[in-house]
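Next come the chains, spelled out residue by residue.
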Amino acid sequence: MAATAEPDPDGLIEVFKALGNPARLQIMQWLKDPDTHFAAYEPIADRRSVGVCVMHIQAKSGLSQSTVSSYMSTLERAGLVHPTRVGKFTHYRRDEERLAQLAEAIGATLRPPSD
C-alpha cells in the first residue's frame, strides 16, 4: 500500500467548518444524487456533468438567495463543490475526487499509529 501524504490540518478544519452547518451538509447530501433530489425542478443543464442550478438549491432549501450564495461559496472554498457558469446562473456539483481524498485524510488522521 502506498504511503499517504500527511493530511493538512488547516484544510481539514476548513472542511469540518463548512460541513458543520446543517443546511450546508444537507445541500451536500442533495448534490450526491441531484437527479433524485432536484427532480421537481427542470434542469437548465445536465446535472451530472454541470451540477445543480443555484436557484434550484435556493428553492429547495427555502433559504434566501444571499444565504445560499454564501453557503455555496463556503463549500467551494473548502474544495467540496465545483461551480460552473451556465448563462447567468451558477451550477454546483460535488467534487467526488476531493471528497475521497478527504475521507482518506480523515481516516489517516484518526487511525492509530502502526507498529
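Up top is the structure.
Reading the values: the criteria
Residues numbered from 1 in each chain as written. Predicted model: local features only at pLDDT ≥ 70, side-chain atom pairs only at ≥ 80, totals over all residues. Heavy atoms only, no water. Helix = DSSP H or I, 4+ residues; strand = E, 2+ residues; numbered from the N terminus. Buried < 20%, exposed > 50% of the residue type's maximum accessible area, 1.4 Å probe, protein only. Salt bridge = Lys/Arg side-chain N within 4 Å of Asp/Glu carboxyl O. Pairing = 2+ DSSP bridges. Contact = heavy atoms within 4.5 Å. Axes fitted to C-alpha atoms, helices over the stretch in contact; angles between N-to-C directions. Arc of directions from axis to C-beta. Polar contact = N/O pair within 3.5 Å; in protein donor to acceptor, adjacent residues only side chain to side chain. Phe/Tyr/Trp six-rings, centres within 6.5 Å; stacked < 30°, edge-to-face > 60°. Lys NZ or Arg CZ within 6 Å of the ring centre and 35° of its normal.

Before going further, it helps to examine the environment of aspartate 10. Structurally, aspartate 10 can be placed in helix H1 (residues 9-19). Judged by its relative accessible area of 58%, aspartate 10 is exposed. The sequence separation of aspartate 10 and serine 66 amounts to 56 residues, and the corresponding C-alpha distance is 26 Å.

Taken as a whole and judged by the stated rule, the model has four salt bridges. With its nearest N and O atoms 2.6 Å apart, the salt bridge here joins glutamate 96 to arginine 94. Glutamate 96 gets classed as partly exposed once you look at its relative accessible area, which sits at 42%. Here the salt bridges do not stand alone but share partners, grouping Asp33, Asp35, Arg47 and Arg48 into one network.

Read across the open sheet, the three strands follow the order S1-S3-S2; overall the sheet is antiparallel. Either end of the sheet is taken by a strand with one partner, and the two such strands are strand S1 (52-53) and strand S2 (81-86). Where S2 meets strand S3 (residues 89-94), six bridges bridge the pair, whose relative direction is antiparallel. By the bridge assignment, arginine 85 is partnered in S3 with threonine 90. Against the sheet, helix H2 (residues 22-32) makes contact with S1, S2 and S3, and its axis sits at roughly 80 degrees relative to S3, the strand it touches most.

This part covers H2. Buried residues of H2: Arg24, Ile27, Met28, Trp30 and Leu31, and no others. Across the axial projection of H2, the buried residues extend over an arc of 160 degrees, all falling on one side. Seen from the open side of H2, the exposed residues pointing more than 90 degrees away from its buried face are Pro22 and Lys32. Looking at where H2 begins, the residue whose side-chain oxygen comes 2.8 Å from the main-chain nitrogen of alanine 23 is asparagine 21.

Counted by the stated rule, this structure contains two aromatic pairs. Between tryptophan 30 and phenylalanine 38, the ring centres sit 6.1 Å apart and the planes meet at 85 degrees, which makes this aromatic pair edge-to-face. Judged by its relative accessible area of 12%, tryptophan 30 is buried. Summarising the aromatic geometry, the rings of phenylalanine 38 and tyrosine 41 are spaced 6.3 Å apart at their centres and angled 50 degrees between planes, so their arrangement reads as tilted. By relative accessible area, phenylalanine 38 is classed as buried at 0%. Within the aromatic cluster, the residues linked to one another by ring pairs are Trp30, Phe38 and Tyr41. Taking NZ or CZ as reference, arginine 24 lies 5.0 Å from the ring centre of tyrosine 71, over its face. The side chain of lysine 60 reaches across the aromatic face of phenylalanine 38, ending 6.0 Å from its centre.

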